[in-house]
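Residue-level listing of the chains:
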Amino acid sequence: MRSELNDSLDVARRACSRCYAHKTFRPNENDKENSKRAVERARLLLKKAFDEKRLEEETTVEQINALKEAKMLCLDALEACKNCDKERPRIKELLSSIK
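Residues numbered from 1 in each chain as written. Predicted model: local features only at pLDDT ≥ 70, side-chain atom pairs only at ≥ 80, totals over all residues. Heavy atoms only, no water.

Novice: What's the story with the overall build of the protein chain in this structure? I'm lost.
Specialist: Secondary structure assignment for the protein chain yields four helices and zero strands. If you list the helices and strands of the protein chain from N to C, you get α-α-α-α. Taken along the three principal axes of its C-alpha coordinates, the protein chain extends 50 × 20 × 15 Å. Residue burial in the protein chain is summarised as follows: out of 99 residues, 35% are buried. Accessible area for the protein chain stands at about 6500 Å²; split by element, carbon and sulfur atoms hold 51% of it. Both charge centroids of the protein chain, one from 23 positive and one from 19 negative side chains, sit 5 Å from each other. (Helix = DSSP H or I, 4+ residues; strand = E, 2+ residues; numbered from the N terminus. Buried < 20%, exposed > 50% of the residue type's maximum accessible area, 1.4 Å probe, protein only. Areas by Shrake-Rupley, 256 points an atom, 1.4 Å probe, with all protein chains shown as cover. Lys, Arg positive; Asp, Glu negative; His and termini not counted. Charge placed at Lys NZ, Arg CZ, Asp CG, Glu CD.)

Below, the structure is given as structure tokens:
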């Protein structure tokens, strides 16, 4: 699942960068939609991981909090994309802190 999550985050970051870079030259709404779709997929994977970690006995509070924070960053990234004025690659900036 870790590789799926990393792939989703990479796709979201690349699509956001491409959307930002092409804001005046060949604007393409597919990049924005691809980025949003990848962030949503990452959020669902994080939600699944969060639910699984809560049930494990040897899980630490720090691990659970890290997953919770990553889920919140995905939600923030979706909201930032929705309100994007293409001044900065917002999804890329927000998701760069997820490890």
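What follows picks up the thread again.
Novice: Hey, could you run me through the environment of Arg90 in this one?
Specialist: Inspection of the secondary structure assignment puts Arg90 in helix α4 (residues 90–95). The contact partners of Arg90, leaving out residues within four places of it in the chain, are Cys16, Ala80, Cys84 and Asp85. (Contact = heavy atoms within 4.5 Å.)

Novice: I tried to follow the side chain of Arg43 on my own but got confused; where do I start?
Specialist: As for its placement among the helices and strands, Arg43 is situated in helix α2 (residues 29–55). Apart from residues no more than four positions distant in its own chain, Arg43 is found in contact with Lys71, Cys74 and Leu75.

Novice: Explain the nonpolar core here, please?
Specialist: Taken as a class, soluble globular proteins show a tendency for nonpolar side chains to be buried jointly. Of all hydrophobic cores here, the largest spans 21 residues; its most connected members are Val39, Cys74, Ile91, Leu95 and Ile98. At the level of secondary structure, the elements contributing two or more residues to this core comprise α1 (2–21), α2, α3 (61–82) and α4. Those residues in contact with Ile91, other than ones at most four positions away along the chain, are Ala12, Cys16, Ser35, Val39, Ala77 and Cys81. (Core = buried A, V, L, I, M, F, W, Y, C linked by side-chain atoms within 4.5 Å.)

Novice: Looking at this structure, I do not really get the packing of α1 against α2. What am I missing?
Specialist: For any two helices packed against each other, one specifies the inter-axial angle together with the distance between the axes. Viewed as axis vectors pointing N to C, α1 and α2 meet at an angle of 155°, and their least axial separation amounts to 8 Å. By the criterion of interaxial angle, the relationship of α1 to α2 is roughly antiparallel. In this structure, α1 crosses over α2, and the sense of that crossing is left-handed. Contact with α1, carried on its side by Glu4, Leu5, Ser8, Leu9, Val11, Ala12, Ala15, Cys16, Arg18 and Cys19, involves Asp31, Lys32, Asn34, Ser35, Ala38, Val39, Arg41, Ala42, Leu45 and Leu46 of α2 and no other residues of that element. The residue makeup of the contact of α1 with α2, split by class, is 12 nonpolar, three polar and five charged. (Axes fitted to C-alpha atoms, helices over the stretch in contact; angles between N-to-C directions. Parallel < 35°, antiparallel > 145°, perpendicular 65-115°, else oblique. Left-handed = near helix turned anticlockwise from the far one by under 90°. Nonpolar A, V, L, I, M, F, W, Y, C, P; charged D, E, K, R; others polar.)

Novice: What is the right way to look at the pattern of salt bridges in this model?
Specialist: Side chains carrying opposite charge are able to pair once their charged atoms draw close together. For the coordinates displayed, the defined rule picks out 10 salt bridges. Asp85 serves as the salt-bridge partner of Arg90, at 3.1 Å between the closest nitrogen and oxygen. (Salt bridge = Lys/Arg side-chain N within 4 Å of Asp/Glu carboxyl O.)

Novice: So what exactly am I meant to see when it comes to the packing of α2 against α3 here?
Specialist: Relative to each other, α2 and α3 sit at 160°, their axes nearing to 9 Å. Overall, the two elements α2 and α3 adopt an arrangement that is roughly antiparallel. Between α2 and α3 the crossing geometry is left-handed. Here Lys32, Lys36, Val39, Glu40, Ala42, Arg43, Leu46, Lys47, Ala49, Phe50, Lys53 and Arg54 of α2 come into contact with α3, specifically with Gln63, Ile64, Leu67, Lys68, Ala70, Lys71, Cys74, Leu75, Ala77, Leu78, Cys81 and Lys82. Considering only residue class, the contact of α2 with α3 consists of 13 nonpolar, one polar and 10 charged.

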